[in-house]
Amino acid sequence: MRFITVDSYEKLSTKAANIIAAQVISKPNSILGLATGSSPLGTYAKLVEYYKSGELDFSEATSVNLDEYVGLTGENDQSYRYFMNTNFFQHINIPIERTAVPNGCVADLKAEGERYDKHIQDLGGIDIQLLGIGFDGHIGFNEPDEVFIKETHEVDLDASTIEANARFFASEEEVPRKAITMGMGAIMNAKKVLLIANGKGKKDIIEKSFFGPITPKVPASILQLHPDLTVIYSEN
Ligand code: GLP
């Protein structure tokens, strides 16, 4: 594991963007595993900047996102599909049909999970997976549990996650209670994993995740077993 500490969100975003840029430059048809949340916003903004200045080309890239709320369509401005389109995809030249986000609006979420895992498998797996981390240690929406779940699956969101994500919604009642998330299988199979976190509030969970015991009660702790993990943390 490479654990990098920086002293600003700007530096964190530049470093993370540079790692992703290096991946796309060295392998233009990379499979990029992407994340939502506030942490990656600066990284996406930097990558858009590199694209606009002609330094990066996403025309051969493919993406797979980690998760989606159950019941929100891509047109809903709180959905993760909408987030990705507006914060990243619309500003670069990745073909939109090669961007995937789990569909949280299907009746059979189990079948959707199987379809999503097959899609990732058919792509040959993920080259680099970008991750944020929840205050309870969740990655994607893999919440603390008794076990690590391998497949893409439906989850009941923890009360603390609902509370933390309420800031994006008009009220806490509007936050969906369920989501569909990539499981630990696809994440751990990614060739590289890049986790970013910022703010003093994440310090405790970062310590537990990367310097504590490996346990499904702290989902991100499984990443300690990944052979190519980079964590970038900024207290500010
Ligand atoms: C959300 C997402 C995660 C994200 C996490 C942290 O619930 N499902 O993928 O990493 O919360 O979000 P933030 O970066 O806004 O702190």
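Structure shown above.
Residues numbered from 1 in each chain as written. Predicted model: local features only at pLDDT ≥ 70, side-chain atom pairs only at ≥ 80, totals over all residues. Heavy atoms only, no water.

**Here's the deal with the pattern of salt bridges**
When their charged atoms lie close together, side chains carrying opposite charge are able to pair. For the coordinates displayed, the defined rule picks out 16 salt bridges. The closest approach of N and O atoms between Lys191 and Asp127, which form a salt bridge, is 3.3 Å. In this pair, Lys191 sits in the loop between α6 (184-189) and β9 (192-198) while Asp127 sits in the loop between α4 (109-123) and β6 (128-131), placing the two residues 64 residues apart along the sequence. Among the residues examined, Asp127 registers a relative accessible area of 4% and is labelled buried. Residue Glu154 pairs with Lys178 through a salt bridge whose shortest N-O separation is 3.7 Å. Of this pair, Glu154 sits in strand β7 (residues 153-156) while Lys178 sits in strand β8 (residues 178-181), and the two are 24 residues apart along the sequence. (Salt bridge = Lys/Arg side-chain N within 4 Å of Asp/Glu carboxyl O. Helix = DSSP H or I, 4+ residues; strand = E, 2+ residues; numbered from the N terminus. Buried < 20%, exposed > 50% of the residue type's maximum accessible area, 1.4 Å probe, protein only.)

**Details of the side chain of Thr181**
Tracing the backbone shows Thr181 in strand β8. One polar contact links the side chain of Thr181 to the main-chain amide nitrogen of Phe141, over a distance of 2.9 Å. If sequence neighbours within four positions are ignored, Thr181 has contacts with Leu66, Asp67, Ile139, Gly140, Phe141, Asn142, Glu151, Thr152, His153 and Val155. (Polar contact = N/O pair within 3.5 Å; in protein donor to acceptor, adjacent residues only side chain to side chain. Contact = heavy atoms within 4.5 Å.)

**Examining helix α7 (residues 203-211)**
Among all positions in α7, only Ile205, Ile206, Ser209 and Phe210 are buried. Taken down its axis, α7 places every buried residue within 110° of arc, on the same side. On its buried face, α7 is in contact with β1 (2-6), β9 and β10 (229-234). (Arc of directions from axis to C-beta.)

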